[in-house]
Amino acid sequence: MASVAPDRFGLGEPVCVFDRLTVRPGCQREVLRRFETDYQPLAATRGLRHVGTWTLPPFDRPNDPADILLHWEYPSLGAFWMARGTEEGDARLGDFWAGLGTLLISRSRQLGRPGLIAGMAAPDAPVSGGSGRPRSIAFVRPAAPRDDSARTDMVARIEACGARGGFNAGAYTGRPDELTIDWDGADHGLLKAFGSIEDVVTLGDALDLGCREPDLRGGVKRTILLRTMTGARPGGVALMERRLGEWARHLPEMRNWSIAPVTATTGPIAWTHCFEQEFNDVADITGAYLNHPFHWAVVDRLFHPEAPERVADAFFHSIYPIANSVLAGSRRKLVSDND
């Protein structure tokens, strides 16, 4: 009889959401009315159930603020992530919170569960290694669809040029037919031999860098691009940078990583940060990375459209297979086939 793998992250267990609002004097009744008539129907469409409301104190005072605590619940961690895509694209959520702003002094949103989740490893002490020097990452779309043999040949050509790259894993990225190319070059024109250049991002010195497994073989590299919001709250961007580094240290499956500022970009989005990660297998991304409580309870608040802590409003990621570590290995300048 086959054994059942332990549910390390409690995938079927509810995820609790707590909104704490400090309300301007005399505004409790109106805030509660808006949550009941406007917000709860939106919540229900994405599986977020209202559990309870606490008013602190339970009456209006005309000259003093009051607090309201609202408890919501997603039925499972899977339901939370399914709702996440809907929340990202629903402008009504942002409109609701913007409309509520004149009635509030402050608000916070936190996610959690009853008690502690067992088996969570303590974060590693800071680790370092690899190269933090400025370099570039290109996203290139080949001129025509290619079979497996042609793809293998193109990746070999990239490697022969002293760069590292591969075709994005289709099931896990938004651009399955594109190449992600890591290289130290500055001449974007040399990339045209591989197809249409969609974007080239140039990275500055790493803000945080870690290598748990510099000799990683046969893994995958994930490249995340972020754009911080104009007018992000003071200290918010620095907090995001610290939290991403802390996140890496909490997740042993993330074998190597680098967090760096984007100093230049040629595409339509002015990316500000790049978070590169290396794993042994894609399953580590769709499993441990996605479902670890540090992800959904701490980091996601910096990107969620409903969270007051939100500091980034655009996101892109690619994943491609690597023969060995890119972040821990050396990279040479990309040169053309004729050089």
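Structure's up top.
All values derive from a computational prediction rather than experimental measurement. (Residues numbered from 1 in each chain as written. Predicted model: local features only at pLDDT ≥ 70, side-chain atom pairs only at ≥ 80, totals over all residues. Heavy atoms only, no water.)

A. Expanded view of the nonpolar core. Formed by 28 residues in total, the largest nonpolar core has its most connected members in L21, V31, F35 and Y39. Looking at this core, the elements with two or more residues in it are β1 (15-23), α1 (28-45), β3 (66-74), α2 (77-89), α3 (91-100), β4 (104-112) and α7 (293-299). Per element, the largest residue contribution to this core is five residues, and it comes from α1. Membership of the second largest hydrophobic core comes to 27 residues, among which are W247, I259, F275 and Y289. (Core = buried A, V, L, I, M, F, W, Y, C linked by side-chain atoms within 4.5 Å. Buried < 20%, exposed > 50% of the residue type's maximum accessible area, 1.4 Å probe, protein only. Helix = DSSP H or I, 4+ residues; strand = E, 2+ residues; numbered from the N terminus.)

B. Spatial organisation of the sheet that holds β1. The strand order across the open sheet formed by four strands is β2-β3-β1-β4, and the pairing between neighbours is antiparallel. Single-partner strands in this sheet number two, and they are β2 (49-56) and β4. The sheet shows a mean angle of 15° between the axes of neighbouring strands, taken without regard to direction. Two elements, β2 and β3, share seven bridges in a ladder whose sense is antiparallel. Note on β3: the bridge partner recorded for T53 is L70. This element, α2, spans β1, β3 and β4 of the sheet and lies at about 110° to β3. (Pairing = 2+ DSSP bridges. Axes fitted to C-alpha atoms, helices over the stretch in contact; angles between N-to-C directions. Contact = heavy atoms within 4.5 Å.)

C. Layout of the pattern of salt bridges. Overall, the coordinates contain 24 salt bridges when judged by the stated rule. A salt bridge links R141 to E178; the nearest nitrogen and oxygen atoms lie 3.2 Å apart. Highlighted residues: R141 in strand β5 (residues 135-141) and E178 in the loop between β6 (164-167) and β7 (179-183), separated in sequence by 37 residues. Of the charged contacts, one joins E213 and R255 as a salt bridge, the two residues approaching to 2.9 Å between their closest N and O atoms. Here E213, found in the loop between β9 (208-211) and β10 (217-228), pairs with R255, found in the loop between α5 (236-250) and β11 (256-265); they are 42 residues apart in sequence, far enough to count as distant. Taken together, the shared-partner salt bridges connect D19, R46, E87, R109 and E306 into one network. (Salt bridge = Lys/Arg side-chain N within 4 Å of Asp/Glu carboxyl O.)

D. Expanded view of unusual backbone geometry. Cis geometry marks the peptide bond from L56 to P57; its omega dihedral reads 0°. Examined against the element boundaries, P57 turns out to sit in the loop between β2 and β3.

E. Representation of α1 in the model. Look at α1: 25 Å from first C-alpha to last across 18 residues, which is about the 26 Å you get at 1.5 Å a residue. The sharpest bend along α1 reaches about 45° and sits at Y39, with the proline P41 one to four residues further on. Of all the residues in α1, the buried ones are Q28, V31, F35, Y39, L42 and A43. Against the buried residues of α1 lie β1, β2, β3, α3 and β4. G47 sits one or two positions beyond α1 and adopts a positive phi of about 85°. (Expected span 1.5 Å × (residues − 1). Bend = angle between axes of the 7 residues up to and from the residue.)

F. Geometry of the packing of aromatic side chains. Taken as a whole and judged by the stated rule, the model has 14 aromatic pairs. Judged by centre distance (4.8 Å) and plane angle (65°), the rings of F80 and W81 are edge-to-face. On the basis of relative accessible area, W81 is assigned to the buried category, the value being 17%. Ring geometry for F139 against F316: centres 5.3 Å apart, planes inclined by 85°, an arrangement best described as edge-to-face. Of the two residues, F139 is situated in strand β5 and F316 in strand β13 (residues 312-324); the sequence distance between them amounts to 177 residues. Using a relative accessible area of 10% as the deciding quantity, one classes F316 as buried. Ring-pair connections join several aromatic residues into one group, and the members of that group are F35, Y39, W72, F96 and W97. The aromatic ring of W97 is capped on one face by R107, whose charged end is 3.9 Å from the ring centroid. (Phe/Tyr/Trp six-rings, centres within 6.5 Å; stacked < 30°, edge-to-face > 60°. Lys NZ or Arg CZ within 6 Å of the ring centre and 35° of its normal.)

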